[in-house]
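Each chain, letter by letter, is given below.
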Amino acid sequence: MESGGASDSRQETTANRDDRNLGELIQELRVAGLGVQVLFGFLLSLPFTMRFTKLDSVQRGLYLTSLVLAAVATTLLIGPVAYHRLVFRRGMKEQLVRFANALAIFGLAAVAGAVLIAVLLVMDFVAGAVAAGLVTAVLACMLAVLWFVVPLTQRRYQR
């Protein structure tokens, strides 16, 4: 049985399941981690550009919020690596998988926030507040539905 109650035809031990789950999670963290690191790098370089001085106080607040969320996301998505290193060969793989799963979920929420605020900032700077609000609202709905609502709904019906 997979965690969550869905039936699974695989015949595997708990250790094999934990190994597989950890491997799948690590692959997912690589994808999410790379994306947020690119955004974080962009945000870190932004203050050193000439146009940064043209941001108003609201835009600077958006910038700082996005930067902090990207840093939080990076921390959360890399957290399982540190945990794994510190509990390596201690027979704690199941705890690692559970902890890493929680960090990944919170990390994805932080990535979503960082992306949305970065889009809001850039759209506001380039196209104005109305366009920024509309585009960001559409993206927020897309992120919420694709990243959270659909999986949670399907998870509920899978039981």
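Cut-offs used in this document
- Residues numbered from 1 in each chain as written.
- Predicted model: local features only at pLDDT ≥ 70, side-chain atom pairs only at ≥ 80, totals over all residues.
- Heavy atoms only, no water.
- Salt bridge = Lys/Arg side-chain N within 4 Å of Asp/Glu carboxyl O.
- Helix = DSSP H or I, 4+ residues; strand = E, 2+ residues; numbered from the N terminus.
- Buried < 20%, exposed > 50% of the residue type's maximum accessible area, 1.4 Å probe, protein only.
- Lys, Arg positive; Asp, Glu negative; His and termini not counted.
- Contact = heavy atoms within 4.5 Å.
- Core = buried A, V, L, I, M, F, W, Y, C linked by side-chain atoms within 4.5 Å.
- Expected span 1.5 Å × (residues − 1).
- Polar contact = N/O pair within 3.5 Å; in protein donor to acceptor, adjacent residues only side chain to side chain.
- Phe/Tyr/Trp six-rings, centres within 6.5 Å; stacked < 30°, edge-to-face > 60°.

Engineer: Even after reading the chapter, I still don't get the pattern of salt bridges, so can you show me in this structure?
Structural biologist: It is possible for side chains bearing opposite charge to pair when their charged atoms get close. Within the structure shown, the criterion is met by 4 salt bridges. We note a salt bridge from Lys-93 to Asp-19, for which the minimum N-O separation is 2.6 Å. Taken together, the positions of Lys-93 in helix 3 (residues 93-127) and Asp-19 in helix 1 (residues 14-45) put the pair 74 residues apart, joining distant regions of the chain. With a shortest N-O distance of 3.2 Å, Arg-98 and Glu-94 are connected by a salt bridge. Here Glu-94 and Arg-98 lie together in helix 3, a separation of 4 residues that amounts to about one turn. Residue Arg-98 is classed as exposed on the basis of its relative accessible area, which comes to 57%. Judged by relative accessible area, which is 28%, Glu-94 ranks as partly exposed. The structure contains a network of salt bridges with shared partners spanning Glu-12, Arg-20 and Glu-24.

Engineer: I'm lost on the side chain of Asp-124 in this one. Help?
Structural biologist: By secondary structure assignment, the location of Asp-124 is in helix 3. The charged side chain of Asp-124 is buried without a salt bridge, its nearest counter-charge being Arg-60 at 12 Å. Beyond its immediate stretch of four places on either side in the chain, Asp-124 contacts Gln-59, Ala-129 and Ala-132.

Engineer: Just to check I follow, could you spell out the nonpolar core for this structure?
Structural biologist: As a rule of thumb, soluble globular proteins bury nonpolar side chains together. Counting 23 residues, the largest nonpolar core has Val-36, Leu-43, Tyr-63, Leu-77 and Leu-121 as its most contacted members. The greatest single-element share of this core, amounting to 8 residues, is contributed by helix 3. Leaving out residues up to four positions away in the same chain, Leu-77 has contacts with Leu-29, Ala-32, Gly-33, Val-36, Ala-104, Gly-107, Leu-108 and Val-111.

Engineer: Would you mind showing me how to read helix 3 here?
Structural biologist: Owing to its 3.6 residues per turn, the α-helix aligns residues three or four sequence positions apart on the same side. Between its first and last C-alpha atoms helix 3 spans 49 Å; for 35 residues at 1.5 Å apiece the expected length is 51 Å, and the two agree. Just downstream of helix 3 lies Gly-128, where phi reads positive at about 100°.

Engineer: For this particular structure, what's the right way to read the side chain of Gln-59?
Structural biologist: When you line up the elements, Gln-59 lands in helix 2 (residues 57-87). One polar contact links Gln-59 to Asp-124, side chain to side chain, over a distance of 2.9 Å. Discounting chain neighbours no more than four positions away, the residues touching Gln-59 are Lys-54, Leu-121, Asp-124 and Phe-125.

Engineer: Would you mind going over the packing of aromatic side chains with me for this structure?
Structural biologist: Where two aromatic rings form a pair, the distance of their centres and the angle of their planes describe that pair. Here the structure, examined in full by the defined rule, presents 2 aromatic pairs. Relative to Tyr-63, the ring of Phe-52 lies with its centre 5.1 Å away and its plane at 75°, an arrangement referred to as edge-to-face. Taken as a pair, Phe-52 in the loop between helix 1 and helix 2 and Tyr-63 in helix 2 lie far apart in primary sequence, 11 residues in all. Each member of the pair Phe-52 and Tyr-63 is classed as buried.

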